[in-house]
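# Chain and residue survey
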Amino acid sequence: MPNLNRTPLHDLHCELDARMVPFASYEMPVQYYDGVLWEHLHTRASAGLFDVSHMGQVRVSADSLEEAQLALEALVPASVLGIPEGRQRYGIFTSETGGILDDLMIANRGDDLLLVVNAATKEKDVAHLSANLAGCAVTLIADRALLALQGPASEAALAELVPGVAEMRFMDASVLDWNGIELWVSRSGYTGEDGYEVSIPSSRARALAEALLACEAVIPIGLGARDSLRLEAGLCLYGSDIDTTTTPVEAALEWTIQKARRRGGEREGGFPGASRILEELESGAPRRRVGFLPDGRAPIRAGARIFREGSDEPIGDVTSGGFGPSLGRPVSMGYVETGLSGTGTALEAEVRGRRMPVTVADMPFRPSTFKR
Amino acid sequence: MKYTEEHEWLRVDGDLVVIGITEHAAEQLGDVVFVELPEAGTQVSTDDDMVVIESVKAASDIAAPVDGEVIEVNDALADTPGLVNADPLGAAWFVKMKVDDPSQLDGFMSEDEYKDMIA
């Protein structure tokens, strides 16, 4: 495909008969031979290997770690200072109007911070960081791949190669050795499953992927199942469920803003859009991200409008939706007026000109299995 | 058997035609999780959206290839949409139509012509 970037695993994907599609200016595998449904179920039952090398790995450093942590707090409402060494935290970049510029992982590696940001936004994020983090060095790491191994058999599979991973807990971040190669490992992912993300020099990525795929428990997983897995786990896809028009409170991401950054906290505010976001943390937002369980079997996908029963005035919309293979039923998420966001609220979605009953539901739709 | 450019197969018997989608189409769609069928007795015109197929990836429509009346639908697909992937040329037929003008069926592709098209 012309003008598209390729990850270090591109040739391997092709040899594995992946169906390649354009995604965020990369040529990426959407599925392999077994198809999305099987890949999804296999990940939940055993282990799946994902190439997430298209995502941005960004190193932020300063004269001292604390300086880098405090600098990043000017762009992220999470308590970055509160991330202990060897730990990782999920956060968001906010805009001046209180919207969301991107979501990201932030790891404290002792000497520096390692961020993982979305592929489609990585150049913008790096420009944003470089322009605003006074006194920090910001580097988009171009010579490392990122693999995710997700599912209950992940620990056993990866520990065969790198025994140290078995000691890690959910959201730990460690530097470990594999045959003399430095791996940056975190016990995290975006599927609702226990698992790992492993950063490795690009030149060795294929060898690691092949070593993992040699385990009977592990099969390669494409973007199709990645999307259905994260949807069942109630996790946001940037650009679909969250973007510059959604605030963290609307998006039900208050938990990414720790007490130290809220009103009355030691480091209250000080991030873009703080006045609106701090206010919404106290008095709520007019709309809220919720889960929807359609009553029937038809998937209700992004773009469908949501109504009160029998009313013609839309009160929300679906931002992600599809079939949840592990649930054997369709699931969706989206936004509704806050007054109608209570679990169990009966609403209607419009699909192909017809109204379909849906019920507001808690997320995750399926309990997560993190090793805490 | 005749084939349309939209990857439908048509099994013609006089003015009756049974309609399904080809193996190639089923493979492209991926795992089918929901099929919405018209009601028997529905009158359709050529290119009317007649069937909705939802796969894990996306929704797609099957358009009526000819004018006529839907006289029977395959209710098995409501409970077992996966038949579309398992047996697209057999058990996963979608509808049976009574065609208004059987000469409309003359223009469709033969199996060889269809194979050339997807090659």
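Residues numbered from 1 in each chain as written. Chains lettered and ligands numbered in written order. Predicted model: local features only at pLDDT ≥ 70, side-chain atom pairs only at ≥ 80, totals over all residues.

### Quick word on the nonpolar core
Residue and element names in this part refer to chain A. The cut-off we apply is this: Any nonpolar core is a set of buried residues, restricted to Ala, Val, Leu, Ile, Met, Phe, Trp, Tyr and Cys, that join up through C-beta atoms within 7 Å. Whether a residue is buried, exposed or partly exposed is read from the other C-beta atoms within 10 Å of its own C-beta, which are placed from the backbone; 20 or more gives buried, 12 or fewer gives exposed, and intermediate counts give partly exposed. Here contacts are defined at the residue level, using C-beta atoms placed from the backbone and a cut-off of 7 Å between them.
Of all hydrophobic cores here, the largest spans 99 residues; its most connected members are Val60, Leu72, Ile106, Leu115, Leu147 and Leu149. If we skip the residues at most four places from it in the chain, Val60 touches Ala68, Leu72, Asp112, Leu113, Leu115, Leu129, Leu133, Cys136 and Val138. Grouped together as the second largest cluster of nonpolar side chains are 19 residues, Ala349, Val351, Val360 and Met363 included.

### Quick word on the sheet that holds strand E17 (residues 329-337) of chain A
Residues and elements named next belong to chain A. Rules: For two strands to pair, DSSP has to find at least two bridges joining them. Per the convention used, a helix needs a DSSP run of H or I reaching at least four residues, while a strand needs a run of E reaching at least two, with both numbered from the N terminus. In this analysis an axis means a line fitted to C-alpha atoms, helices contributing only their contacting stretch, and an angle means the value between N-to-C directions, from 0 to 180 degrees.
If you walk around this closed barrel you meet the six strands as E14-E17-E16-E15-E18-E19, and the pairing is antiparallel. Shown here is a sheet whose adjacent strand axes are inclined to one another by a mean of 45 degrees, direction ignored. Examined bridge by bridge, strand E18 (residues 346-351) and strand E19 (residues 354-361) share six bridges and lie antiparallel to one another. By the bridge assignment for E19, Ala349 is matched with Met356.

### Describing unusual backbone geometry
Residue and element names in this part refer to chain A. Of note, the bond from Met363 into Pro364 is cis; its omega dihedral lies within 30 degrees of zero at 0 degrees. Mapped onto the elements of the fold, Pro364 is located in the segment after E19. Its identity as a non-glycine residue notwithstanding, Met171 has a phi of 75 degrees, on the positive side. By the secondary structure assignment, Met171 is in the loop between helix H5 (154-161) and strand E10 (173-178). Its identity as a non-glycine residue notwithstanding, Asn179 has a phi of 50 degrees, on the positive side. By secondary structure assignment, the location of Asn179 is in the loop between E10 and strand E11 (181-186). Given 11 C-beta atoms within 10 Å, Asn179 falls into the exposed group.

### Brief notes about helix H6 (residues 202-213) of chain A
Residues and elements named next belong to chain A. The condition is simple: An expected span of 1.5 Å times one less than the residue number is assigned to each helix. The directions from the helix axis to the C-beta atoms are what the arc is built from.
Taking 1.5 Å as the rise per residue, H6 with twelve residues should run 16 Å; its terminal C-alpha atoms sit 17 Å apart, in good agreement. Considered for burial, the residues of H6 that qualify are Ala205, Leu208, Ala209 and Leu212. Seen along its axis, H6 keeps its buried residues to an arc of 100 degrees; they face one direction. Exposed positions of H6 whose direction lies more than 90 degrees from the buried face are Ser203 and Glu210.

### Let's talk about the interface of chain A and chain B
Threshold: Three classes are used, and their members are as follows: Ala, Val, Leu, Ile, Met, Phe, Trp, Tyr, Cys and Pro are nonpolar, Asp, Glu, Lys and Arg are charged, and the others, Gly among them, are polar.
Chain A puts 13 residues into the contact, and the matching count from chain B is ten residues. Counting residues per element, the ones that place at least two in the side of chain A that touches chain B are helix H2 (35-45), helix H7 (223-232) and strand E16 (314-324) of chain A. It is H2(A) that contributes the most residues to the side of chain A that touches chain B, three residues altogether. Among the residues forming the side of chain A that touches chain B, the class breakdown is five nonpolar, five polar and three charged.

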